[in-house]
Amino acid sequence: MEDKPTINPNNSNINNDKANNSNTANHEQEHSTQPTSATSSSQPAIEKDDVVVMGTENNQPAVVVMKPPKKNKAGIIAAVVFIVLFLLASACLAAWYFMVYNSPENVALDAVRQFISAENIITEGNIRIADVDTSDDHFVATLNFTSLSNHIPESVNVVLNFSERDSNDRVIDDHEIELDLGVAVMVDGVFYVQVSNLADAFDKIIYAEGVDYSEYQAMVDLAEEIIELIDNEWWRISYDEVAEEIDSSYLTSASQLQRCIIDVINQDYSAEFIDIYNNNRFLNVKVSDDIAEIQGNSLYDVTIDSTKMADFLNRATESSAAEDILACYNNFKESTEFNSDDKSPLAIADIPELSSEDIDDILPDNLVLTMSISDFSHRLHSVEAELVSDDASISGRLNFSYVDNTVSAPASYRSVTELFDEIAEIINDYFELPNDNLEEGIF
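Residues numbered from 1 in each chain as written. Predicted model: local features only at pLDDT ≥ 70, side-chain atom pairs only at ≥ 80, totals over all residues. Heavy atoms only, no water.

(A) Local environment of a negative patch on the surface. A surface patch of negative charge is lined by Asp203, Asp221, Glu225, Glu228, Glu244, Glu245, Asp421, Glu425, Asp429 and Glu432. Only helix H5 (217-230), helix H6 (239-246) and helix H12 (416-431) provide two or more residues apiece to the negative patch. Tracing the chain through its elements places Asp421 in helix H12. Residue class for Asp421 comes out partly exposed when judged on its relative accessible area of 33%. (Patch = residues over 30% accessible without salt bridge, like charges linked within 9 Å, V, L, I, M, F, W, Y side chains within 5 Å. Areas by Shrake-Rupley, 256 points an atom, 1.4 Å probe, with all protein chains shown as cover. Salt bridge = Lys/Arg side-chain N within 4 Å of Asp/Glu carboxyl O. Lys, Arg positive; Asp, Glu negative; His and termini not counted. Charge placed at Lys NZ, Arg CZ, Asp CG, Glu CD. Helix = DSSP H or I, 4+ residues; strand = E, 2+ residues; numbered from the N terminus. Buried < 20%, exposed > 50% of the residue type's maximum accessible area, 1.4 Å probe, protein only.)

(B) Molecular detail of the side chain of Glu164. Tracing the backbone shows Glu164 in strand E6 (residues 154-165). Buried Glu164, no salt bridge; nearest opposite-charge side chain is Arg165, N-O distance 10 Å. At 2.8 Å, the side chain of Glu164 forms a polar contact with the side chain of His175. With residues up to four places along the chain from it excluded, the contact list for Glu164 reads Asp137, His138, Phe139, Arg170, Val171, Ile172 and His175. (Polar contact = N/O pair within 3.5 Å; in protein donor to acceptor, adjacent residues only side chain to side chain. Contact = heavy atoms within 4.5 Å.)

(C) Representation of the environment of Asp188. Position of Asp188 among the secondary structure elements: in the loop between strand E7 (171-185) and strand E8 (191-196). On the accessibility criterion, Asp188 (41% relative accessible area) is partly exposed. When the C-alpha atoms of Asp188 and Cys260 are compared, they prove to be 9.8 Å apart, with 72 residues separating the residues in sequence. Here Val190 takes part through its backbone nitrogen, which lies 3.1 Å from a polar atom of the side chain of Asp188.

(D) View of the sheet that holds strand E4 (residues 122-131). In space, the 12 strands of this open sheet follow the order E10-E11-E12-E13-E14-E4-E5-E6-E7-E8-E9-E15, with mixed pairing throughout. Edge positions in the open sheet fall to strand E10 (283-287) and strand E15 (414-415), since each of these has one partner strand only. (Pairing = 2+ DSSP bridges.)

(E) Looking closely at the state of the cysteines. Using the criterion set out here, one finds 1 disulfide in the structure. Covalent S-S linkage joins Cys260 and Cys328, the inter-sulfur distance amounting to 1.8 Å. Taking the torsion about the sulfur-sulfur bond, which here is approximately -70 degrees, the covalent link between Cys260 and Cys328 counts as left-handed. Here Cys260, found in helix H7 (residues 249-265), pairs with Cys328, found in helix H10 (residues 320-335); they are 68 residues apart in sequence, far enough to count as distant. (Disulfide = S-S within 2.5 Å.)

(F) Representation of unusual backbone geometry. With an omega of 10 degrees, the peptide bond running from Ile152 to Pro153 counts as cis. Tracing the sequence through the fold places Pro153 in the loop between strand E5 (138-147) and E6. Positive phi is not limited to glycine here, since Asn232 has a value of about 65 degrees. Tracing the backbone shows Asn232 in the loop between H5 and strand E9 (234-237). A positive phi angle, close to 65 degrees, is found at His378, a residue other than glycine. You can call His378 buried: its relative accessible area is 0%.

See below:
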């Protein structure tokens, strides 16, 4: 039997038993190298990357060649191909995102589509009118409002403020009047109205410096009594109730007209209006140099194409929604004494078309419009407008929130018919008139 080769311990111990060569494949996976050996009379071929170790065999010099495992070139090629494809796909996606999806034209179109088709939108807005020259005392009027829905039921709150201000924009000597108006409209046509701060505003006007109403004090006292009755109270107004109170067939028909229009408002015409806008895109936008207040949004400067806007409005008057509203009006016209000389129904063709000149007459040349739109979802978040004339500056802003909301009637209210009765009684006491005659005169 042939002796097994031995390796000088000064180098390394290598077992090269040929009986174990059947496990070569497994060893190649488990070890970084696999040794081979030969006597000096039979030198093995040495290749690049081989490790050569000197030893002895039968007391003769021997060379052991450590063969490195074979590399899996197919796996490396697959990895390279995957990386290249990934980089190409990322580049294409980035190009599509910036050149197509996030192009100003596509962003504006998506924003309009989502605005028209939104389930519900809460709108908060403000309008400010002020003197152009604010370096001295000046007047400022502001209107702030909140709308809780884009359909019926709807609730709107409006705050009007009029003030005189100094050059530092501070109110001068309490010269400020503020009125708060609330309106809620229900699906049955009943609506609720509240006016707050009416008495305070009246007192500031009547008793302002340099104004003397002492000659008319009795009339002032009468007005104050009626105003205090109305102020800070929710009043329920129903055409049906008022019509029954005063026996008016006209108001009964008006109530039917109101409910008919509410039914039209609550129908979904969004697809039709989106299509009309898509064919008449009157908003031209470009990315603004300013930065949006909300992170993830971009500001866009907006100009209006008057020709396309006129076409949009003309096509809108031909829509199904316009036809349904006209049907409501024609039914009202036919069922009342309104314009009794002409009972012919109003048709779409009777509505005059708008021209680009009509739009130009409405829109000032120096109107500045900007929109803030989400970069990812393309939702319209706000619209700002600014207009400066020789005497006054007007600015406004609308903020939109796309959230669900439930609008309900006020928890506490009084019927407007009660208000009529109480006002009639106050006036009767002032003029010493019989209640029956006064009510007949009012209604």
